[in-house]
Amino acid sequence: MKILILGNSSIFQRKIFPSLVKFKKLSLEVASKRKNQLNKNIKTYKSYKDSIIKTRAKIVYISLVNSEHFKWALFALKNDKHVIIDKPFTLKLKETKTLIKYAFKKKLFLSEAVVFHKHIRFTNLLKKIDLNKKTNILVNFHIPKLNKANFRNFKKFGGGCFNDMSTYAAYLIYLFIGQKKYKIKKNKQKKNLNNFFSLIASSKFIKIIASFRFNADYKNQIIVENDTKKYSINYAFSPPIDKMTNMMVQYGNKKEFKLNFKKQNTFDIYFSNIFNLIKNNKYKFFYDEIEEISKIKQKIC
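Report follows, based on the coordinates. From a predicted model like this one, the values you see are computed outputs, not experimental measurements. (Residues numbered from 1 in each chain as written. Predicted model: local features only at pLDDT ≥ 70, side-chain atom pairs only at ≥ 80, totals over all residues. Heavy atoms only, no water.)

### Some details on the sheet that holds strand β9 (residues 196-202)
Here is step 1: With respect to topology, eight strands assemble into an open sheet ordered β8-β9-β10-β7-β11-β12-β13-β14, the strand pairing being mixed. Two strands close off the open sheet at either side, each with one partner strand: β8 (183-186) and β14 (257-261). For this sheet, the mean angle separating the axes of adjacent strands, direction not counted, is 15°.
Here is step 2: Pairing of β9 with strand β10 (residues 206-213), which is carried by seven bridges, proceeds in the antiparallel orientation. Looking at β10, one finds that S202 is bridged to K207. (Pairing = 2+ DSSP bridges. Helix = DSSP H or I, 4+ residues; strand = E, 2+ residues; numbered from the N terminus. Axes fitted to C-alpha atoms, helices over the stretch in contact; angles between N-to-C directions.)

Spelled out as C-alpha cells, the structure:
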C-alpha cells in the first residue's frame, strides 16, 4: 500500500512520519514546496496537483494550511483517492458535506486525523465515567504565543484559535454527550475568536465547561468530577509519544493517587485501524462522524 502526503508540516515530521515508517508494507511519497529532509529514499513531488495525478498511492494525507484542506481533498477524491485530513477537516459545514457526497458516491474513505481520544489513558477515562450521572467536565487548552510566521496567526490561511481548536471542543461534546439533547452557551465575542473561545455544553447529566486560548500560559488539561470521584489528565489533547502518561484519581475525600499508562503513539492506533478499514472496505460510518463533528462546530461558532 502507498500513501501520498501533501505538505511537510511540523506535526507530520514529529508524529505522523514516525508512525507511518513503522508499517513495513507501506510506501511513502511526499509533495512539498520545502525540501524533503526525512528520508532520501522517499519519492517527492513539488506540485500538489501533479502528485495526485501521477501517484499510484491509494491514500492521500493532507497536512497543509487550513484554508487548503477542502480544495485538495476534493481534487484527491475526484482522482479516486482515499483522503485523510489534518484538523480542522474543513472551515465550513458546506465544504464538509461536499466532500462526504463525493466520497460516498465514489466509495472512498474520508477521515479527520484527530487522535487524542484514542490514547489508552483517554479510553480508560471514558470507561470510568457513568454518563448517566451528574458530571462536570472542566477543559483548558491554552498555548503560548506562536512564532510570528506560523500560519495559525493568519485568517487568510484559516488560522485563529477557533479554527485550530474547535475540533477538540466538538469531539468532547460528541464523546461525552453524543446524540442526547444539549444546550450550548458560548463566547459571543466573535471578533476575538482568533485568540480564544469558550463554551458551556449541558445535557441532562453532563456539563462541559471549556476554554481554548492562544497567547497564554500553557494548559492542556481535562478534569472530570462527580459527587464521589474526580479524574484529571494533563497533556490531554497531545499526549507524549515517547514516555509514560498518568491520570490523577480521587475518591471522595480520600488522598489523590496516580494511575500510570504505557507510552503510546496514538497515530499508530489510528493508522492501523484505517488501513484495515480500507483493506476490508468498511468505513462508511466515518461519514456520519465527520458530519456530526462539523455540525457541532457550527453550533459552537
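### Considerations on the nonpolar core
Here is step 1: By size, the foremost hydrophobic cluster in this structure holds 50 residues, and its most contacted members are L6, L20, Y61, I62, I84, L110 and F271.
Here is step 2: The greatest single-element share of this core, amounting to seven residues, is contributed by helix α7 (residues 266-280).
Here is step 3: Once residues lying within four places of it in the same chain are set aside, the contact partners of I84 are I59, V60, Y61, I62, F109, S111, A113, Y270, F271 and I274.
Here is step 4: Judged by nonpolar contacts, the second largest core, of 42 residues, contains V114, Y171, I208 and A236. (Core = buried A, V, L, I, M, F, W, Y, C linked by side-chain atoms within 4.5 Å. Buried < 20%, exposed > 50% of the residue type's maximum accessible area, 1.4 Å probe, protein only. Contact = heavy atoms within 4.5 Å.)

### Observations regarding the sheet that holds strand β2 (residues 27-31)
Here is step 1: One open sheet holds the six strands; their spatial order is β3-β2-β1-β4-β5-β6, and the pairing between them is parallel. Bordering the open sheet on either side are β3 (43-45) and β6 (110-112), each of which pairs with just one other strand. Strand-to-strand twist across the sheet, computed as the mean angle between neighbouring axes with direction ignored, equals 20°.
Here is step 2: Bridge count between strand β1 (residues 2-6) and β2: five bridges; the pairing is parallel. Counterpart to L6 in the pairing with β2 is A31.

### Re α7
Here is step 1: Helix length check: α7, at 15 residues, gives a terminal C-alpha distance of 22 Å against a target of 21 Å (1.5 Å per residue), a fit within 8%.
Here is step 2: When we look at burial in α7, the residues that qualify are T266, F267, Y270, F271, I274, F275, L277 and I278. Axial view of α7: buried residues confined to an arc of 165°, hence all on one face.
Here is step 3: Of the surrounding elements, those touching the buried residues of α7 are α1 (10-20), β4 (59-62), β5 (82-85), β6 and α8 (285-300).
Here is step 4: Taking the backbone nitrogen of F267 as reference, a side-chain oxygen 3.0 Å away marks N265 as the first, capping residue of α7.
Here is step 5: Looking one or two places after α7, you find N281, whose phi comes out positive at around 55°. (Expected span 1.5 Å × (residues − 1). Arc of directions from axis to C-beta. Polar contact = N/O pair within 3.5 Å; in protein donor to acceptor, adjacent residues only side chain to side chain.)

Any functional reading would require information beyond the geometric quantities listed.
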